[in-house]
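Residue-level structural notes
Below are the chains, spelled out letter by letter.
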Amino acid sequence: MSAAGMLPMELQVKRSSYLAYPLVIVLTFGLAIPVLISHGRLFAKTFDQEGVIRRDKRKFLWTDLKKVDFVYRRSRYTTTTRLTQVDLIFPDGKAIVSPRSLVNEKEVMEFIAFLAEKK
């Protein structure tokens with residue numbers, strides 16, 4: 001068969017393909033949503049004199065704090081690293097602080113630096 005005498009041909013997409021792409025997108029993000037929600041519960045909501053309260057209302061006492069772990073990530077396009085989160089590690093769990101998303105980042109990071117010095 002040669003292309004010289006060929007008539008125009010319309011490419012017809014199967015109906016199943018119209019459903020496949022949205023289905024893949026929904027399943028991908030549908031599975032990611034519960035993971036993101038469960039991870040979001042680990043974030044610290046409040047610091048008080050006794051300890052930290054996470055978004056899931058679980059409380060950890062400062063006296064039980066085992067470690068302050070600063071988590072750095074390398075930028076995708078450069079070789080620089082930046083602080084992305086701070087993990088406050090306790091014997092029965094952890095609380096995550098994402099400093100770049102905070103309005104009072106400076107105040108919170110000063111307090112975390114104080115905690116890190118004590119440990």
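Residues numbered from 1 in each chain as written. Predicted model: local features only at pLDDT ≥ 70, side-chain atom pairs only at ≥ 80, totals over all residues. Heavy atoms only, no water.

Attention now moves to helix H2 (residues 105-118). Taking 1.5 Å of rise per residue, 14 residues should cover 20 Å, and H2 covers 20 Å from first to last C-alpha, within 8% of that figure. Among the residues of H2, Val108, Met109, Ile112 and Leu115 are the ones counted as buried. Buried positions in H2, seen along its axis, are confined to an arc of 115° and lie on one side of it. Within H2, the exposed residues directed more than 90 degrees away from the buried face are Lys106, Glu107, Glu117 and Lys118. Next to the buried residues of H2 lie strand S1 (44-47), strand S4 (67-74), strand S5 (81-90) and strand S6 (93-97). (Helix = DSSP H or I, 4+ residues; strand = E, 2+ residues; numbered from the N terminus. Expected span 1.5 Å × (residues − 1). Buried < 20%, exposed > 50% of the residue type's maximum accessible area, 1.4 Å probe, protein only. Arc of directions from axis to C-beta. Contact = heavy atoms within 4.5 Å.)

In this structure the tally under the stated criterion is five aromatic pairs. Note on Phe47 and Trp62: the rings are 5.3 Å apart at their centroids and 75° apart in plane angle, and the pair reads as edge-to-face. With Phe47 in strand S1 and Trp62 in the loop between strand S3 (59-61) and S4, the pair connects residues that are 15 residues apart, well separated along the chain. Phe47 sits in the partly exposed class, given a relative accessible area of 27%. Considering the side-chain rings of Phe111 and Phe114, the 6.3 Å spacing of their centres and the 35° angle between planes classify their relative orientation as tilted. Residue Phe111 and its partner Phe114 are located together in helix H2, separated by three residues, close to a single helical turn. Of the residues examined, Phe111 reaches a relative accessible area of 28% and is grouped as partly exposed. One aromatic cluster is present, built from ring pairs that chain together Phe47, Trp62, Phe111 and Phe114. (Phe/Tyr/Trp six-rings, centres within 6.5 Å; stacked < 30°, edge-to-face > 60°.)

This part covers the pairing of S6. Walk down a regular strand and you will see the side chains alternate between the two sheet faces. Across five bridges, S5 lies against S6 in antiparallel orientation. Bridge assignment links Phe90 to a residue of S6, and that residue is Gly93. Hairpin geometry of S5 and S6 is characterised by an intervening segment of two residues between the two adjacent antiparallel strands. (Pairing = 2+ DSSP bridges.)

Take the side chain of Asp87 next. Mapping Asp87 onto the fold places it in strand S5. Take Asp87: its relative accessible area is 6%, and that puts it in the buried class. A polar contact of 2.9 Å, which involves the side chain of Asp87, links it to the side chain of Gln85. Setting aside anything within four residues of it in sequence, one finds Asp87 in contact with Lys67, Val68, Asp69, Val71, Lys94, Ala95 and Ile96. (Polar contact = N/O pair within 3.5 Å; in protein donor to acceptor, adjacent residues only side chain to side chain.)

Here Arg54 shows up in strand S2 (residues 51-54). Those residues in contact with Arg54 that sit more than four places away from it in its chain are Arg41, Leu42, Phe43, Ala44, Lys45, Phe60, Lys94 and Ala95.

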